[in-house]
2 protein chains.
Amino acid sequence: MHAYVHIVDDDDSFRTALERRLKLAGYRVLTYASARQLLDRLPGDEEAGCILLDVRIPGMSGPELQGRLNELQSTLPIVFLTGYADTATTVQAIKAGAEDFLTKPIASDQLIEAIERAVARHELARSQRARFDSLRALLARLTPRERQVFDLIVCGRINKQVAYELGTTERTIKAHRHQVMEKMQVQSLAELVSIAERLGTRQPGGAVRG
Amino acid sequence: MHAYVHIVDDDDSFRTALERRLKLAGYRVLTYASARQLLDRLPGDEEAGCILLDVRIPGMSGPELQGRLNELQSTLPIVFLTGYADTATTVQAIKAGAEDFLTKPIASDQLIEAIERAVARHELARSQRARFDSLRALLARLTPRERQVFDLIVCGRINKQVAYELGTTERTIKAHRHQVMEKMQVQSLAELVSIAERLGTRQPGGAVRG
DNA sequence: TTTCATATTGTACCTTGGGACAGGCGGCCG
DNA sequence: CGGCCGCCTGTCCCAAGGTACAATATGAAA
């Protein structure tokens, strides 16, 4: 386990001490004195890891950074680590998806436990994200027309209905449908529907009245 | 809005005061002096509502009750309301799905806000649950054989393959398949797959090697 | 201007799905 | 025991999906 731990804290000595502790525990550690710094050298998703984040840091606060990272679709789990914790902030942080909320001083084993949970969650999130993204990539390769056909067939329309709704012929739809199956790398309608369902691109769509 | 608020607190006077406040705010209120009492007269899902729960109550604690209710598949959101809140308990409660975690004394408007959020969430959860349950009910009406056919066709098998895997003929599968579509009240394979996906009864299942 | 991707359409043929109609076998319950 | 249900099976036929082979048109890119 060579997971990255990103420490964001304005207290130099605390940061250094924590860095040393975690390196001894086998982690790769990167430190940041402010939220800004972390955003500037934003860690990607290439490696499993997590963020250890102080609540009160100069400039952008911990929860603010959390919000920003959420906006940026970051999957990096956050473990808050702070001196004083008021209930509202704690609740807000956890609701916003933080993996944990710990108070200083913190026992090493308890911290490591939290980090391990966070890293495990990150690994899970990454793999889910990877699957999701690869499906989205496939979908993105469809031409606009193919995408229209895709949407209709995963809603259960038969070729004839699709042809009617798109103002073309059944033969043409067969061609597009073939392309769709090809590009989405599926052999059956069932798989196609399953993908659509998982990507959330499937609105049941009323039955046709023709 | 005639939502039910279930107050669980061992402090008689607090319970009564809170009950009065909430009734004035238009809620229907039920009070319980212990976790046991609430479990005994367990509120169903018929009406929207939420639970106001103290952390430290005699017998089963707030978080313990929360765990028990989660086991029981309760959808009733919990708003913790307690005098003293340590961080670990707060984090644990929110992670376990509590809607909020407030400390006494609490301003009415803030409490009402939390209750409103909880009730809204309950309404959402109830409607989702209802849809889910109705699908499960349909699925439960399938005979064992039909269920096997269902599982295979939503994985993309064609009749011939299903027949082979179940050691019977294509004709028989057609009959079962017809029954499945009938009982599940769907007109297309797409809808059937969608249901399977939402019910999580669909394991991709490897391609057939025949 | 040539080339490429996209969108379109056609014919012919085969496979798969699905309905209509009809029947057989075995277990469970009143 | 008779009837109901689950399960199985058959034939005929049509509709829908899928493929091979082929071709046209248009706009954008090289």
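Predicted model, so just to flag it, every value in this text is computed and none were measured.

> What's the story with the protein's contact with DNA strand D in this structure? I'm lost.
The local shell around DNA strand D holds 16 residues, among which His178 of chain A together with Thr143, Thr168, Arg171 and His176 of chain B are the closest. By atom count, sugar and phosphate contribute 64% of the portion of DNA strand D lying within 4 Å of the protein. With respect to DNA strand D, the side chain of Arg171 of chain A contributes an N or O atom lying 3.1 Å from a base nitrogen. Thr172 of chain B is positioned with one of its side-chain polar atoms (N or O) 2.9 Å from a phosphate oxygen of DNA strand D. Taken together, the elements giving at least two residues each to the surface near DNA strand D come down to helix H7 (159-166) and helix H8 (170-183) of chain A together with helix H6 (144-153) and helix H8 (170-183) of chain B. The class makeup of the residues in the surface near DNA strand D is 3 nonpolar, 7 polar and 6 charged.

> What's the story with the packing of aromatic side chains in this structure? I'm lost.
Here a ring pair, both rings aromatic, is described through the centre-centre distance and the interplanar angle of the planes. Taken as a whole and judged by the stated rule, the model has 2 aromatic pairs over all chains. Between Lys104 of chain B and the ring centre of Phe14 of chain B, over which it is positioned, the NZ or CZ distance is 4.0 Å.

> I keep staring at the protein's contact with DNA strand C and nothing clicks. Help me out?
Around DNA strand C lies a shell of 16 residues, among which Thr143 and Thr168 of chain A together with Lys174, Arg177 and His178 of chain B are the nearest. Per the 4 Å cut-off to the protein, sugar and phosphate atoms form 65% of the nearby atoms of DNA strand C. Residue assignment for the surface near DNA strand C shows that the elements contributing at least two residues are helix H6 (144-153) and H8 of chain A together with helix H7 (159-166) and H8 of chain B. Here the residues of the surface near DNA strand C are counted per class, giving 3 nonpolar, 7 polar and 6 charged.

> Just to check I follow, could you spell out the domain arrangement of chain A for this structure?
When the parts come together, some accessible area is lost, and that loss is often what is quoted as the size of the interface. For chain A, the assigned domains read domain 1 (4-134) and domain 2 (141-199). Taking only C-alpha atoms, the centre of domain 1 of chain A and the centre of domain 2 of chain A are 43 Å apart.

> Whenever I open this one, the sheet that holds strand S1 (residues 4-8) of chain A confuses me. Can you help?
Sheets are built from strands that pair by backbone hydrogen bonding, the pairs being arranged parallel or antiparallel. Residue and element names in this part refer to chain A. With parallel pairing, 5 strands are arranged side by side in an open sheet as S2-S1-S3-S4-S5. Among the strands making up the open sheet, the edge pair consists of strand S2 (28-32) and strand S5 (100-103). Neighbouring strand axes in the sheet, compared pairwise and without regard to direction, differ in orientation by 20 degrees on average. As defined by bridge partners, S1 adjoins strand S3 (residues 49-53) across 5 bridges and the pair is classed as parallel. Directly across from Ile7, in S3, lies its bridge partner Leu52. Of the strands in this sheet, S3 and strand S4 (78-82) touch helix H3 (residues 62-71), which is tilted by about 170 degrees from S4.

> What's the story with the interface of chain A and chain B in this structure? I'm lost.
With 24 residues of chain A in contact, the opposing surface of chain B contributes 24 residues. Buried area between chain A and chain B, both sides added, is near 1,700 Å², and the carbon and sulfur share of it is 64%. Taken as a group, Thr87, Lys95 and Ala190 of chain A account for 27% of the area that chain A buries against chain B, more than any other trio of residues on that side. Our enumeration of links across chain A and chain B arrives at 6 salt bridges. Summed over the shared surface of chain A and chain B, the number is 6 residue pairs in polar contact (both at pLDDT 80 or more). Contributing elements (two or more residues each) for the side of chain A that touches chain B: helix H4 (87-95), S5 and helix H9 (189-199) of chain A. With 7 residues, the top contributor of residues to the side of chain A that touches chain B is H9 of chain A. Residues that form the side of chain A that touches chain B fall into these classes: 10 nonpolar, 6 polar and 8 charged.

> Explain the sheet that holds strand S4 (residues 78-82) of chain B here, please?
Residues and elements named next belong to chain B. Strand order in this open sheet of 5 strands is S2-S1-S3-S4-S5, and the pairing throughout is parallel. The open sheet terminates on both sides in strands that have one partner only, identified here as strand S2 (28-32) and strand S5 (100-103). Going across the sheet, the axis of each strand differs from the next one's by a mean of 20 degrees, ignoring polarity.

Definitions and cut-offs
- Residues numbered from 1 in each chain as written.
- Chains lettered and ligands numbered in written order.
- Predicted model: local features only at pLDDT ≥ 70, side-chain atom pairs only at ≥ 80, totals over all residues.
- Heavy atoms only, no water.
- Near = heavy atom within 4 Å.
- Polar contact = N/O pair within 3.5 Å; in protein donor to acceptor, adjacent residues only side chain to side chain.
- Helix = DSSP H or I, 4+ residues; strand = E, 2+ residues; numbered from the N terminus.
- Nonpolar A, V, L, I, M, F, W, Y, C, P; charged D, E, K, R; others polar.
- Phe/Tyr/Trp six-rings, centres within 6.5 Å; stacked < 30°, edge-to-face > 60°.
- Lys NZ or Arg CZ within 6 Å of the ring centre and 35° of its normal.
- Domains from an automatic or database assignment.
- Pairing = 2+ DSSP bridges.
- Axes fitted to C-alpha atoms, helices over the stretch in contact; angles between N-to-C directions.
- Contact = heavy atoms within 4.5 Å.
- Buried area = accessible area lost by both parts, 1.4 Å probe.
- Salt bridge = Lys/Arg side-chain N within 4 Å of Asp/Glu carboxyl O.

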